[in-house]
Each structure stands twice: as structure tokens, then as C-alpha cells.
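If you want the building blocks of each chain, they are given just below.
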Amino acid sequence: MQAYLKLDHIDKTFTRGNATTEVLKEINLTIDKGEYVSIIGHSGCGKSTLLNIVAGLTGATHGGVLLENREVNSPGPDRAVVFQNHSLLPWLTVYENVKLGVDKVFSKTKTRAERHAWVMHNLNLVQMAHAKDKRPNEISGGMKQRVGIARALAMEPKVLLLDEPFGALDALTRAHLQDSVMALHQKLGNTILMITHDVDEAVLLSDRIVMMTNGPSARIGEVLEVPLARPRKRLELATNAGYLKCRQRVLEFLYERHRFVEAA
Amino acid sequence: MSMPAVKTDVATALPVAAAPVVTMTPKRAPQSEKYVKMAKEAAVRVVPPLIVVVLLLVVWELICRRAGSTLPPPSRVFSDTKELIFDPFFDNGGIDKGLFWHLSASLQRVAYGYSIAAVVGVALGTLVGQSVWAMRGLDPLFQVLRTIPPLAWLPLSLAAFRDGQPSAIFVIFITSVWPIIINTAVGIRNIPQDYRNVAAVVQLNPLEFFTKIMIPAAAPYIFTGLRIGIGLSWLAIVAAEMLIGGVGIGFFIWDAWNSSHISEIILALFYVGIIGFVLDRLIAGLAKFVTRGTAVN
């Protein structure tokens, strides 16, 4: 079977003056359609750089990204990103923020009325339709991130890229939003690539967890399959042997074999 | 039938000795309380400056009242300029016109020069803010040119245009364009990378990026520049008009000085100050309206 999304021998070096830093080395990864893959690693290991390369916001030094066997090296709505700090445009309302992408992507294929309906449909998916006329500074952090997700979903991306989407949220909001994302993935069957540094989050949400070694020259250290049946329930998993085993594996990787060394 | 009855009921129900604000709004108690509160707030803002102005007028009157004083006291200023104050619209041809016509001629020049400066300033500022090479090439030039005093441009523009009107407009333009350029450039340079990323993912074309991301994101900075610019234009027009002559508040002041009408100068200065203040408030109000939401992220 052909890979849906393929990261092919990606290297990334940053050059500043005479100093060159190798951030990523030999990243190979294939993701199937509808799969939920998480990338986990200590901060500074280059996982956000990797996501930016997939999104096309940063270029790879060597290698490339293939989506349905076609190389992609510039940003586009087929790889919509949910940014860590939501990145909603503060001068637009919730509705207009989502509409910005919809108008561009469906300018030829949908009528004005259809686009409006599509924006509302996506706001409904994340339960934010009630706040459609509010501005981002009038809604809570969790709500902003919901709108960010709606904006990305509304572009009907082939791959949804989540850049630590729950990182800036408090624990309760985070759990609630994780459940929402899980439900959306179940319902829509998106292919999702998520960056995270939260072990529980990675195990709960993912089909596979990609563990990165510490930088510089970060590589993929290990890939773990999460063999838990969906739909998953947070409370039931807390005592599930398979869940605990996966969690254990990731923790061992992060804290024993690839401890984060401050000085490194 | 019942409507008037209700009204008289309300009116008679009001206590006779109620405060004037309450009797003016005999609808509901909370409503009138709101008006009282608003009146109080207004009083807090208006009363202190009013007291200061009255005090200053008294001091001025006392100082300039003595015989042999070089400047007229406020009472003389008023009696001298009564006609100008109460009839600003007369027009006896030439430059013998009411103050309204002088002020509107000056404001017109400012409107032309400032509008051109706003358009050119935002455009050049965007260029300099967006392109590193444009910044390297143009920024040093701007930094030197902006220090040239407005009036120093006037002889050159008179030589080029050979007419007072376009020269004055040019001086307004060249005075107010620099802060607009520089502030716009800073605003464009400070657009968060996040917004650029969003635009890249959505694939906005350059024009859409300019109108939908750049201008709104840089709007608070742009308006800072516009506000400084309008102040400078109003400063420059009075000085420029003194030299070019014709109808305009600047020449009115110069003409009054030549005819030793000191009271008229004082009246004109009062108007110049008020209009400068109003122009500044106008731009500030526009900025507040346009940039709602942009300041807070």
C-alpha cells in the first residue's frame, strides 16, 4: 500500500554566520490515511521544526515531504495547521477567522451561501457557533483553540497538523478539548500529525507515537504502536493494562534512555 | 385616553423640589440616576480646566490692564474682535474675509497635503517594513530628510511650483509624511510571525495579505504616525501661510501683526489651538474605531 504522507530522509540544518547547527537528521516516517500520529520529545529536539517542514513553512535542507506521492514544499490548505497559541486574527470575529480560509479554498467550488453554511457547520463541530460574532479577545483560551481547530478543519485538509494544540491550556480544559479532538477524528477520519510533550496525551489520542531523541541532530528514536481500541474512554483507560504499558514505554524512552540534559 | 393620564400621574408623583436633571427626565428612576451619573462624570472632566482658564484670564487681565502694557487684556481682546467673533462669514473680497474663510482655506490645504502624505506614507512605510533592501536603501535617507524643518522646504517648492497654493500643500506633505512612513514601517516589521504563517497556510495572495493581514495588524502603529502627522501639518501650515500670503489663518495672523491688531492675533491663536486639538482628537477617535480589538491579542 502507498503511504499517504511520507517524510523522506529529512535533514535540517540552521546556519547563522559561520555556525551551522544540525537540528534534524534522517527523519523517515510514513503515515497512512486516517491515522493519528504523535511526535513526542523533549523541548528543543526540533519537533516543531519538523512540523513546520511538513506544513511547508520551513524548508528541509535535504529530503522532502510527499503527500499522496506528490512533493509538497510550500504551505497550503491541504496541510492545515492548528498553532499552539491559536493565532486567531484579533481584528476578525470568530466567524470571519474561519471564513478567511473557507473563502480562499472554496472560492470556485462553493457558492456564497454554501460557504456560509460550511463555516457554520465547522463552528458547530467544535461547539463554537454560539460565539460566532465574538472577537478572539472576548473568549477563553480553550474556546480560541476550538476556533483554531474549526479554521483548520474548514479548509478540508488532507493532513491536519497540530502543533502542541493543548499546550497553553489548563488541565481541565485540555482534557475536555482532547476528548473533542478524539471525537472529531472518530467522526471525520482525518489524518492527523500532532506535536506534543505530554505522554498521557500522546497515548490517549494516537495510533502511533514517534519518539524523538534529543537534539542537536535529533532522530526518530522509536515508534510505538498504541494497540488500544477506539473509541477510547479516558476513565476506563486509567486502569487499562495496554494503556499503562504504552505509557511506561514512552516514559522509559524519554526519561531513561534519552534524558533531557540541560547543558546539551 | 389613558396615556395622558399616566403622564400626569408621573409628573405629579415627582417631588417639587427635585434636582433639575431629574425633572428633565421624568421617565423612570434608574434612567434619571444614569443621567445624574453622566452629568457628574462630565462635570469632573469639565470643571477643573474651566477653573484654570478663568484663573488665567483673571491673572492676564490684572497684568495687562495697567497703562503702557504692550499686550491687550482679555476684555480688550473681546471688545476689539467682537465683529470677527460674531460674524465669521463676511466676505469683502480679496483677503478681507471672515475668520471662517481663513480657517477653511488653511484646513483645505492641510486636507490635500495630509491626504497625499497618508497615502504615500503608508505605501512607502509598507515597502520599507516589508523589504530589507528597501529599508537599507531608504531608511538613512528618511532619517536625514525628516530633520529638515518644514519652512526650509518652502523656497525650494516655490521655485519648483511657482505658485503659493501647491507650495503650501507640498510643505504640509513633506512635513507630515516622515512620521507616517517610519511608524508604518515599524508596524509592518512587528507583525507576528504567527499571522504570516496563517496567511501562508491559507495561501493569501500579496494583495489579500496587504489588506487582510498587514494593514489591520499594523493599524495601531500607522495611526500613531497619522496622529503625529496631523499635528505637524497644522504646525507647518500656519508658518507656511505667513510667507506665501493670500487667504489662510497664517497670513491672517501676519497681516494683523503688520496692522498692529494685536487682539486679532490673540483671537486667531485661540482658533488655531482649538482646531489643532480637534484634528488630533478626530484622528485619535478614528484610530480607536478602526483598531478595536487589534491591540489585545
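This text follows the structure it describes.
Predicted model only: the values in this text are computed from it and were never measured.

A. Geometry of empty space enclosed by the protein. For the structure shown, the criterion picks out 2 cavities of 30 Å³ or more. If you add up the space inside the largest cavity, you get close to 50 Å³. Lining the largest cavity are A:Ile149, A:Leu153, A:Leu160, A:Leu162, A:Val181, A:Leu184, A:His185, A:Asn190 and A:Ile192. Among the secondary structure elements, those contributing two or more residues to the lining of the largest cavity are α4 (141-154), β7 (159-163) and α5 (171-188) of chain A. Among the elements that take part in the lining of the largest cavity, α5(A) stands out by supplying 3 residues, more than any other. Here the lining of the largest cavity is composed, by residue class, of 7 nonpolar, 2 polar and no charged. Each pocket or cavity is described by its volume, and for the second largest cavity that value is around 40 Å³. Around the second largest cavity sit A:Val81, A:Phe83, A:Gly148, A:Arg151, A:Ala152, A:Met155, B:Val198, B:Val201 and B:Val202, which together line it. Elements with a minimum of two residues in the lining of the second largest cavity: α4 of chain A together with α9 (193-202) of chain B. Of the residues that constitute the lining of the second largest cavity, the class distribution is 7 nonpolar, 1 polar and 1 charged.

B. Just the packing of helix α5 (residues 99-130) of chain B against helix α8 (residues 164-189) of chain B, in detail. Residue and element names in this part refer to chain B. With their axes 6 Å apart at the nearest point, α5 and α8 run at an angle of 30° to one another. One element, α5, and the other, α8, form an angle in the roughly parallel class. Judged by the twist between their axes, the crossing of α5 over α8 is right-handed. Each residue belonging to the contact of α5 with α8 can be placed in one class, and the counts come to 19 nonpolar, 9 polar and 2 charged.

C. Structural context of the packing of helix α2 (residues 94-105) of chain A against helix α3 (residues 112-125) of chain A. Residue and element names in this part refer to chain A. Where α2 meets α3, the closest approach of the two axes is 10 Å, and the angle between their N-to-C directions is 120°. On the basis of their axis angle, the class for α2 and α3 is oblique. The chirality of how α2 crosses α3 is right-handed. Facing α2, whose interface residues are Val94, Tyr95, Val98, Lys99, Val102 and Asp103, α3 presents Arg115, His116, Trp118, Val119, Met120 and Leu123. Looking at the contact of α2 with α3 residue by residue, the classes come out as 8 nonpolar, 1 polar and 3 charged.

D. Inspection of the interface of chain A and chain B at higher detail. Listed by partner, the interface residues are 23 residues for chain A and 20 residues for chain B. Taken over both partners, the interface formed by chain A and chain B buries close to 1900 Å², and the fraction arising from carbon and sulfur atoms is 67%. Three residues, A:Trp91, A:Leu100 and A:Lys104, lead the burial of chain A against chain B; their summed loss comes to 32% of the area buried on that side. Between chain A and chain B we count 1 salt bridge in total. Of the charged contacts in the structure, one is a salt bridge between A:Lys104 and B:Glu208, with a shortest N-O distance of 2.8 Å. Joining chain A to chain B, the criterion identifies 4 residue pairs in polar contact (both at pLDDT 80 or more). For the side of chain A that touches chain B, the elements supplying multiple residues, two or more each, are β6 (79-82), α2 and α4 of chain A. A breakdown of the residues in the side of chain A that touches chain B according to their chemical character gives 12 nonpolar, 6 polar and 5 charged.

E. Main features of a nonpolar patch on the surface. Together, B:Phe270, B:Ile274, B:Phe277, B:Val278 and B:Leu282 make up a nonpolar patch on the protein surface, roughly 510 Å² of accessible area in all. Structurally, B:Val278 is set in helix α12 (residues 262-290).

F. Region of the structure containing the pairing of β7(A). All names here are of chain A. Judged by how many residues are buried, β7 sits mostly within the fold: 5 of 5 residues are covered. The alternating pattern of β7 places Val159, Leu161 and Asp163 on one face and Leu160 and Leu162 on the opposite face, and all of these are buried. Looking at chain direction, β6 and β7 are connected through 4 bridges and run parallel. Looking across to β7, one finds that Ala80 is bridged to Leu160. Relative to strand β8 (residues 191-196), β7 runs parallel, the two being bridged by 5 bridges.

Reading guide: rules and limits
- Residues numbered from 1 in each chain as written.
- Chains lettered and ligands numbered in written order.
- Predicted model: local features only at pLDDT ≥ 70, side-chain atom pairs only at ≥ 80, totals over all residues.
- Heavy atoms only, no water.
- 1 Å grid on protein atoms, 1.4 Å probe; cavity = no way out; pocket = protein on both sides within 12 Å on 5 of 7 lines; lining within 4 Å.
- Points joined across faces, edges and corners; volume = space filled by probe spheres on them.
- Helix = DSSP H or I, 4+ residues; strand = E, 2+ residues; numbered from the N terminus.
- Nonpolar A, V, L, I, M, F, W, Y, C, P; charged D, E, K, R; others polar.
- Axes fitted to C-alpha atoms, helices over the stretch in contact; angles between N-to-C directions.
- Parallel < 35°, antiparallel > 145°, perpendicular 65-115°, else oblique.
- Left-handed = near helix turned anticlockwise from the far one by under 90°.
- Contact = heavy atoms within 4.5 Å.
- Buried area = accessible area lost by both parts, 1.4 Å probe.
- Salt bridge = Lys/Arg side-chain N within 4 Å of Asp/Glu carboxyl O.
- Polar contact = N/O pair within 3.5 Å; in protein donor to acceptor, adjacent residues only side chain to side chain.
- Patch = residues over 30% accessible without salt bridge, like charges linked within 9 Å, V, L, I, M, F, W, Y side chains within 5 Å.
- Areas by Shrake-Rupley, 256 points an atom, 1.4 Å probe, with all protein chains shown as cover.
- Buried < 20%, exposed > 50% of the residue type's maximum accessible area, 1.4 Å probe, protein only.
- Pairing = 2+ DSSP bridges.

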